[in-house]
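# Close look at the chain arrangement
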Amino acid sequence: MASLIVRPRARVFHGHDWVHDNEVLKVTGQPKDGDVIGLKDQRDRFLGSAIYNSRSKIPARRFSRQRQDLDADFFLRRLRMASEYRDRLGLDPSARREVWSESDGLPGLILDRYGDCVVLQTLTLAMDLRKDIIADAVREVLAPRCLLERNDGPVRKAEGLELHTGILRGEAPGAFEVALGGVRFGIELPGGQKTGLYLDQAGNYALVAAHAKGRRVLDCFSNQGGFALACALAGATEVTALDISADACAAINANAKRNGVTLKVEEANVFDWLKAAVGRGDRYDLVILDPPSFTRDRARLNDALRGYKEIHLRAASLLEPGGLLATFCCSHHVSDPIFLDTILDAMIDAKRTARLRARYSQRADHPVVLGLPESAYLKGFLLEMAPGR
Ligand code: SAH
């Protein structure tokens, strides 16, 4: 087995499973990109088995502390463990993430299940090269009617992989419906942003909607309408949903019909729309902010924070005293304290005092691994505009 010798003080010695390019001391045995290699420390002690890609900024990702091949048995075992974990937590199999990369010991492999269809993403070269064995394991463990590949995420380029989508096994399912926590969504595969729904947020729809009864709700960055629909079903007096994408707006409208609720759907840039709404003197009792990650890298963090601050400032200006702001951030570069500081900055400019009512996180089918801070990426807060201040 080829080996990679890791520099002292590398992150693998602190609970992480990645080896960055500047943490590589030496590679021996001439591994090919996509091969399994052994990780070792300077004294030749074995640290585990990893997948290798010299073209990546993360040339090695450990997937086992033992000597382990990526063979059919291995994928079967890991898939079963991942699926059983979600069963144990009571996550509805009709729409859930079955495998989430490092968090399930399969770096770069993502499997989402919608009804009896499975959507696969392979974001590392090693997983991409083994799509066939993975497809066999998926058939055995999940037995889907259709297995699709949705490999059009730009992160693949970091591994030197091409972008493509298509059907790996079975036939195109056509349009169908899934229910998530009492809300019905249309699914079209392949299609939709990401791999369909934002399953990481699915647990939060009901938590936020629990505050919607009798309130005027504004759902910014609505995508398929998850928050807006849950709020309307929970008895909001009116719900407005905003998204910049025409496709997303069409999906929200279709989903509103499907659930028998009325939403006001506007195709708009949230930044411009909020500014205009403040100018008009619009008023809401619950505003939801769930933007895409404004930054994929640390270098542009400050620009991203300016963006976060602006939407919080405007949202606060639309809220009545006692009004609620449910706000989310899905960038792992923005930590909880940085995000809260940015929100506080916005509240100061808006001359509002905010109370922290609740904290939100990603749903349990996206498990957080303690040594991998990157796995804890979604954070959310429910803030109440203190009345009388
Ligand atoms: N809240 C959604 C997920 C939001 S994903 C859910 O729980 O399912 C982010 C969404 O923001 C995408 O649908 C994208 O089209 C939209 N978006 C991105 N930039 C935007 C902008 N400037 N204005 C409005 N929508 C935007």
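The rules behind the values
- Residues numbered from 1 in each chain as written.
- Predicted model: local features only at pLDDT ≥ 70, side-chain atom pairs only at ≥ 80, totals over all residues.
- Heavy atoms only, no water.
- Helix = DSSP H or I, 4+ residues; strand = E, 2+ residues; numbered from the N terminus.
- Rg over C-alpha atoms; globule rule 2.2 N^0.38 Å.
- Buried < 20%, exposed > 50% of the residue type's maximum accessible area, 1.4 Å probe, protein only.
- Contact = heavy atoms within 4.5 Å.
- Areas by Shrake-Rupley, 256 points an atom, 1.4 Å probe, with all protein chains shown as cover.
- Lys, Arg positive; Asp, Glu negative; His and termini not counted.
- Charge placed at Lys NZ, Arg CZ, Asp CG, Glu CD.
- Near = heavy atom within 4 Å.
- Polar contact = N/O pair within 3.5 Å; in protein donor to acceptor, adjacent residues only side chain to side chain.
- Nonpolar A, V, L, I, M, F, W, Y, C, P; charged D, E, K, R; others polar.
- Core = buried A, V, L, I, M, F, W, Y, C linked by side-chain atoms within 4.5 Å.
- Domains from an automatic or database assignment.

Further remarks concern the overall build of the protein chain. From N to C terminus, the protein chain includes nine helices and 20 strands. Taking 389 residues into account, the globule formula puts the C-alpha radius of gyration at 21 Å, and the protein chain, at 22 Å, falls close to it. The principal-axis extents of the C-alpha atoms in the protein chain amount to approximately 70 × 45 × 35 Å. With 389 residues in all, the protein chain has 55% of them scored as buried. Contacts in the protein chain between residues far apart in sequence, at least 24 positions, make up 61% of those at least 6 positions apart. For the protein chain, the exposed area adds up to about 17400 Å²; of that, 48% sits on carbon and sulfur atoms. Computing the positive centroid from 55 side-chain charges and the negative centroid from 51, the protein chain places the two 4 Å apart.

The immediate surroundings of the ligand are formed by 16 residues, with Y205, N223, D243, V270 and D290 found nearest. Contact between the ligand and F221: a nitrogen atom at 3.0 Å from a main-chain N or O atom of the residue. Side-chain polar atom of N223 to an oxygen atom of the ligand: 2.8 Å apart, as the coordinates give it. Within the complex, the protein chains bury 90% of what would otherwise be the 580 Å² of accessible surface of the ligand. Looking at the shell around the ligand residue by residue, the class counts come to eight nonpolar, six polar and two charged.

Here we take up the nonpolar core. Membership of the largest hydrophobic core comes to 48 residues, with the highest contact counts inside it found for Y114, C231 and L263. Tallying contributions element by element places helix 5 (residues 226-233) first for this core, with six residues. If you count residues domain by domain, this core takes at least three from each of domain 2 (72-177) and domain 3 (198-385).

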